[in-house]
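Read off the chains here:
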Amino acid sequence: MQDADWNADGHADIVYSDTYQRTYLLINDGTSRERPQFKQQKYFDMEKRNHGMYAGGGDWNGDLVRDFLHMPFGGGQYKIFPGNALGGKGLRFLEGGLKACTNLRLQGDRTTRASTCAWAWDYSGTARRRGVIEYVGVHRNASEIGFYEVKGGQSKRVAVLAKFPGQMPQLTAGDLNADGRMDLLYSGGLWNSGKAHTKIWVMYGKVKNIPGKRKR
């Protein structure tokens, strides 16, 4: 799930996947910021309807604009819908369905069916200087929130940021406290003493790495 001002009207819209069939847009009608109302419309269909899919985001092509990352087949492929900044007034991802998107195939630590969700940004503040892509993602089997680097199509896990104490973790990213630093929000199911429940964790970023919010 991602927020995006899809029609550049100053109100946040939502892009989300239903996991098995489609990705949708929830368009904010702009009538209330305190209690927003949304109208749903289809964004695109996936290739097959019997495989799980996941979504992520971040700047995967290095143009300083957030993209939409679609991962059909449980993360076996990465498909990038590049973001269009709409003159700085909004954010719209590439339209035209899966045939119009860019394929990204990663070798190394994150190959076929290894991941469930991933977000790319300049996590360390040094990625662009070093010519790498940095991303944070969930390793499917280990339930770990990992920090990865990509160079020349090769993906390498550099560190484990957190280990999720439960099953099926998911994550998203954003500047949750408006300090110009990307933060991580992750959650999933916990099963203790026969009771199923959910907990949510936040990891606050330490590097000012959001374009337009850097200190001069």
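Our subject in this report is the structure included herewith.

### Some details on the sheet that holds strand β2 (residues 13–17)
Note on sheets: strands pair through backbone hydrogen bonds, and any given pair is parallel or antiparallel. Sheet architecture is open: four strands sit in the order β1-β2-β3-β4, paired in antiparallel fashion. The two strands at the open ends of the sheet, each matched to only one other strand, are β1 (2–4) and β4 (38–45). Adjacent strand axes in the sheet meet at a mean angle of 25°, parallel and antiparallel pairs treated alike. In the sheet, β1 pairs with β2 via three bridges, with the strands oriented antiparallel. Of the residues in β2, the one forming a bridge with A4 is D13.

### Points about a nonpolar patch on the surface
Judged by side-chain polarity, L176, V202 and Y204 come together as a nonpolar surface patch covering roughly 290 Å² of accessible area. Note that V202 resides in strand β18 (residues 195–203). Exposure remark for V202: the relative accessible area of 34% places this residue in the partly exposed category.

### Considering the nonpolar core
One recurring pattern in soluble globular proteins: nonpolar side chains tend to sit buried together. Among the nonpolar cores identified, the biggest contains 27 residues, and W60, Y135, I145 and L171 are the most heavily contacted of them. Put simply, the parts of the chain that give this core at least two residues each are β6 (67–72), β7 (78–81), β12 (115–120), β13 (133–139), β14 (144–151), β16 (167–174) and β17 (183–192). The residues touching W60, leaving out its near neighbours within four places in the chain, are D67, L69, Y78, I80, L104, A118, W119, A120, I133 and Y135. Membership of the second largest hydrophobic core comes to 17 residues, among which are L25, I27, F68 and L98.

### Digging into the packing of aromatic side chains
The geometry of an aromatic ring pair is captured by two quantities: the separation of the ring centres and the angle between the planes. Tallying each qualifying case throughout the model produces 15 aromatic pairs. Between the aromatic rings of W60 and Y135, the centroid separation amounts to 5.3 Å while the plane-to-plane angle is 40°, which identifies the pairing as tilted. Residue W60 is found in the loop between β5 (53–58) and β6, and its partner Y135 is found in strand β13; the two are separated by 75 residues along the sequence. The pair W60 / Y135 is uniform in exposure class, with both members buried. An aromatic cluster is defined as three or more aromatic residues linked by ring pairs; in this entry it consists of W6, Y43, F44, F68, F81 and F93.

### So, the pattern of salt bridges
With the rule as written, the count across this model stands at 11 salt bridges. For the salt bridge of R128 with D59, the shortest nitrogen-to-oxygen distance reads 3.0 Å. Residue R128 is found in helix α1 (residues 127–130), and its partner D59 is found in the loop between β5 and β6; the two are separated by 69 residues along the sequence. Among the residues examined, R128 registers a relative accessible area of 40% and is labelled partly exposed. Under the relative-accessibility criterion, D59 is labelled buried at 12%.

### Quick notes on the pairing of β5
Among the six residues that make up β5, five are buried, leaving the element largely enclosed by the rest of the structure. Relative to β6, β5 is paired through six bridges, and the arrangement is antiparallel. For G57, the partnering residue across the bridge sits in β6 and is F68.

### Focus: the environment of L64
Looking at the element boundaries, L64 is found in the loop between β5 and β6. L64 sits in the partly exposed class, given a relative accessible area of 47%. Sequence separation of L64 and G83 is 19 residues, and the distance between their C-alpha atoms is 9.3 Å.

### Remarks on the environment of D179
Here D179 is to be found in the loop between β16 and β17. Distance in space between the C-alpha atoms of D179 and G205 is 9.1 Å, their sequence separation being 26 residues. A polar side-chain atom of D179 sits 3.0 Å from the main-chain amide nitrogen of R181.

### With respect to unusual backbone geometry
Glycine aside, a negative phi is what most residues show, and trans is what most peptide bonds show. Phi is positive for A8, which is not a glycine, with a value near 55°. Topologically, A8 is positioned in the loop between β1 and β2. The class of A8 is partly exposed, set by a relative accessible area of 32%. Phi angles above zero are rare outside glycine, and L64 is one such case at about 70°.

The rules behind the values
Residues numbered from 1 in each chain as written. Predicted model: local features only at pLDDT ≥ 70, side-chain atom pairs only at ≥ 80, totals over all residues. Heavy atoms only, no water. Pairing = 2+ DSSP bridges. Helix = DSSP H or I, 4+ residues; strand = E, 2+ residues; numbered from the N terminus. Axes fitted to C-alpha atoms, helices over the stretch in contact; angles between N-to-C directions. Patch = residues over 30% accessible without salt bridge, like charges linked within 9 Å, V, L, I, M, F, W, Y side chains within 5 Å. Areas by Shrake-Rupley, 256 points an atom, 1.4 Å probe, with all protein chains shown as cover. Salt bridge = Lys/Arg side-chain N within 4 Å of Asp/Glu carboxyl O. Buried < 20%, exposed > 50% of the residue type's maximum accessible area, 1.4 Å probe, protein only. Core = buried A, V, L, I, M, F, W, Y, C linked by side-chain atoms within 4.5 Å. Contact = heavy atoms within 4.5 Å. Phe/Tyr/Trp six-rings, centres within 6.5 Å; stacked < 30°, edge-to-face > 60°. Polar contact = N/O pair within 3.5 Å; in protein donor to acceptor, adjacent residues only side chain to side chain.

In short, shape yes, function no, at least from these values alone.
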